[in-house]
Amino acid sequence: MPVLIKKYRGNNYFMEREFADKLDLEFIPSNGLPVFRLETDDPAQPGSYRAGDFDLMISLLQNERSQTGLNIRDFFLGEDRDYYCLVIFKLSETQSFCGIARSEQITGSYTYSQNRWHVKLTCKDILIEWAKLCDAVSSSLINFANGVQLTFEEYIIRHFSGLTGDIVLINFPQKTYLERVREIYSNIQWCCALGDYRNFITGKENISVWETFKELAKGMGFNFEMYLNEGTEVLNEPEFIFNIFFLNDLVNNTAIEPEIIEISESILLQKPKWLYLKYRSIIFNDAEYSDGIFFSNSQLFESDTNHGDGTTLYPSLALTMNGKSLSYINSSGVTEKMILRDLDFMDMPLKQYNYDLSTGRPIGKLFPLNETEGGGMAYARIFNCARVHNGEADTYDFLPVQENTRLIYSVINKIQNHSFSLKIKLNFQKRLSTKSIFLINSKKYIVNSISDLNLKNNTAEVQVSQIN
Amino acid sequence: MGIINGYSSPAVKIIPAAENSPEAEIKVELPLTNSAGLVESYEIKKISHELISFGQGENKIINAQKILGYIITFTLHYNKWLDGKDLYTGIKQIIDAAKAGRKLILIPRNDAPWREFEVILSNNTFELGINKGGRYASTHRLAVLEFKSANLEPDLKWYPPEYAEPCGGTGLPIEGSP
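For the structure given in this document, a descriptive report is provided here. Predicted, not measured: the structure shown is a model, and the values here were computed from it.

## Concerning the overall build of chain B
And step 1. A tally of regular secondary structure across chain B gives one helix and ten strands.
And step 2. In chain B, the succession of helices and strands from N to C terminus is β-β-β-β-β-α-β-β-β-β-β.
And step 3. By residue count, 38% of the 178 residues in chain B fall in the buried class.
And step 4. Considering only intrachain contacts with a sequence separation of at least 6, the fraction spanning at least 24 residues in chain B is 69%.

What follows is the structure, given as structure tokens:
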């Protein structure tokens, strides 16, 4: 059954769904996908998460009837106009695309002189529906008290607690986050989100769950996608998998070898060589000092302001000239490296949240305490690792987190500024998604977007970038 | 055996533009056409969609269509000869009425008056010549009149042979007969 459409009353599939009817379509017009566009973040702008949409046309000449006996026109454009549809477009046992079409995104066209006699649905990627729900819920509702420590996996589940209902399954990579950072520093005892650190952030009631999740994703370098839990499409309330993944895992996975029909190449905007991630900033008169990391393919400079004495500032990363110049100043106060914004470096736009350290709780290394001129903390900074280094036990070590993030973004930074547009034959045995890895002539490519799905010829157009 | 829809000459009713118009309805009787005849062409108006089913790499294609009706073109061939009187009192009157925006009702065969169509004059050009020029010229030539149904006709309006008037007929126009 290629297309399954479920009709609900309510506002959001993940929050409010009253099943009303369903329509299973054996056929759709061969030109029934005039628009098909699934995108992930722009290769030139990491962290610019995108989703996509597709238009689905259904011919009014089709004879299928809904579960309640309505014909196609009455199902979509009958008297009931207050509904939304979950559209599951199932290409194979392993490949499906899902979207939500609200009643106002459904139109009928009866211009027979132009051979139009159809209903058209504009379906927004299911991830957008999930994001809408999470964007309407305040981060202050996340139950994360002072003194509580949660692993990465535990924290993500806690982050979405109360929102997933019975229909969102959060999926994690096989390798835990702790195992990842232990590959960098084997002596890490634990790596956890700390309730105290999260609770330093002020104004959480005005920051959505979705925003803090995206900030966490950017800061920790993981990615996410949402897709149908295959097999549940037959239920009145299908389940979805919210998949958390790390790009460097995909690169190491077995790649898809596509059957290429057409290929063209273009050059992307040249990216600066360095990427800068700012996890905490302190604004003084002379500069904006920060904990963070900046790195190229061959070098890295980082600071964790591991200064428990509350008075030592260096080593630190310093932004001067209104943020145009970025320097690494070592523990002796000597500038070791200086690079310029846009020419040499771009930054991962990590939001710096206001924070208040007057809670009296242990605060570890957040030096200094009097950031009266501004500053902030990236959401990912709520994670800390415990390990012994330089002969001292440290329970607020952030270096492993930012170095692990660096490993992931190194993959993006290695993506060349070439973009290839491919027309490929659809392979129904392997799931195609944005961020799929292709192997072409022994080189690996990452899929940035999928467009123009042609059902008649079983082809799709994809845009890929080569990974070094 | 037999023909359908009648066999005799065509006629056109000219209906006044407005219902309360003082003008009267006029029926213009045209002569039988020449040997090329009165030809009805049926444009079948339909919606046609190619539908596809897919899965496991196997696509199944079917065609679905819905016939909405017919646009009928009536071509009246007077290309070999046409009497000047018929031309002036008949065809000119129709052309004038069409230009004036009157409604035209075509009865393709006057012996089957139950079969009529609202039409528009669909000629883009109209040619006219005379046969055997000079003072002994007696008839015109080249005239071809073309009407198209004004509405999408839901039915062809075909009637069985010998419908209503059991006179039958050969179906062939009588060349040159009045």
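## Some words on the interface of chain A and chain B
And step 1. Listed as interface residues are 21 residues of chain A and, on the opposing side, 22 residues of chain B.
And step 2. For the pair chain A and chain B, the two sides together bury roughly 2000 Å², of which 64% comes from carbon and sulfur.
And step 3. On the chain A side of the interface with chain B, the three residues burying the most area are A:Phe27, A:Leu61 and A:Tyr112, jointly 33% of the side's total.
And step 4. The tally of links from chain A across to chain B stands at one salt bridge.

## Quick look at the pattern of salt bridges
And step 1. Counted by the stated rule, this structure contains 27 salt bridges over all chains.
And step 2. For A:Glu237, the salt bridge goes to A:Arg17, with nearest N and O atoms at 3.4 Å. Residue A:Glu237 is found in the loop between strand 13 (222–228) and strand 14 (240–246), and its partner A:Arg17 is found in the loop between strand 1 (3–9) and strand 2 (18–25); the two are separated by 220 residues along the sequence.
And step 3. A:Glu237 gets classed as partly exposed once you look at its relative accessible area, which sits at 33%.
And step 4. Taking the relative accessible area as the measure of exposure, A:Arg17 reaches 21% and is therefore partly exposed.
And step 5. The partner of B:Asp96 in a salt bridge is B:Lys92, and the shortest N-O contact between them spans 2.8 Å. A residue pair is termed a helical-turn pair when its members lie 3 or 4 positions apart in one helix, as B:Asp96 and B:Lys92 do in helix 1 (residues 84–99) at four residues.
And step 6. What makes B:Asp96 partly exposed here is its relative accessible area of 38%.
And step 7. For B:Lys92, a relative accessible area of 36% puts it in the partly exposed group.
And step 8. A single salt-bridge network, built from bridges that share partners, covers A:Arg9, A:Glu18 and A:Asp80.

## Points about the nonpolar core
Note on soluble globular proteins: their nonpolar side chains tend to be buried together.
And step 1. Grouped together as the largest cluster of nonpolar side chains are 86 residues, with contacts concentrated most on A:Phe14, A:Trp130, A:Phe152, A:Tyr155, A:Phe222, A:Phe242 and A:Ile382.
And step 2. Not counting the four nearest positions on each side in its chain, A:Ile382 is found in contact with A:Phe144, A:Tyr155, A:Cys192, A:Ala193, A:Leu194, A:Tyr197, A:Arg198, A:Ile201 and A:Met377.
And step 3. Grouped together as the second largest cluster of nonpolar side chains are 46 residues, A:Leu38, A:Cys123, A:Phe428 and B:Ile52 included.

The rules we used
Residues numbered from 1 in each chain as written. Chains lettered and ligands numbered in written order. Predicted model: local features only at pLDDT ≥ 70, side-chain atom pairs only at ≥ 80, totals over all residues. Heavy atoms only, no water. Helix = DSSP H or I, 4+ residues; strand = E, 2+ residues; numbered from the N terminus. Buried < 20%, exposed > 50% of the residue type's maximum accessible area, 1.4 Å probe, protein only. Contact = heavy atoms within 4.5 Å. Buried area = accessible area lost by both parts, 1.4 Å probe. Salt bridge = Lys/Arg side-chain N within 4 Å of Asp/Glu carboxyl O. Core = buried A, V, L, I, M, F, W, Y, C linked by side-chain atoms within 4.5 Å.

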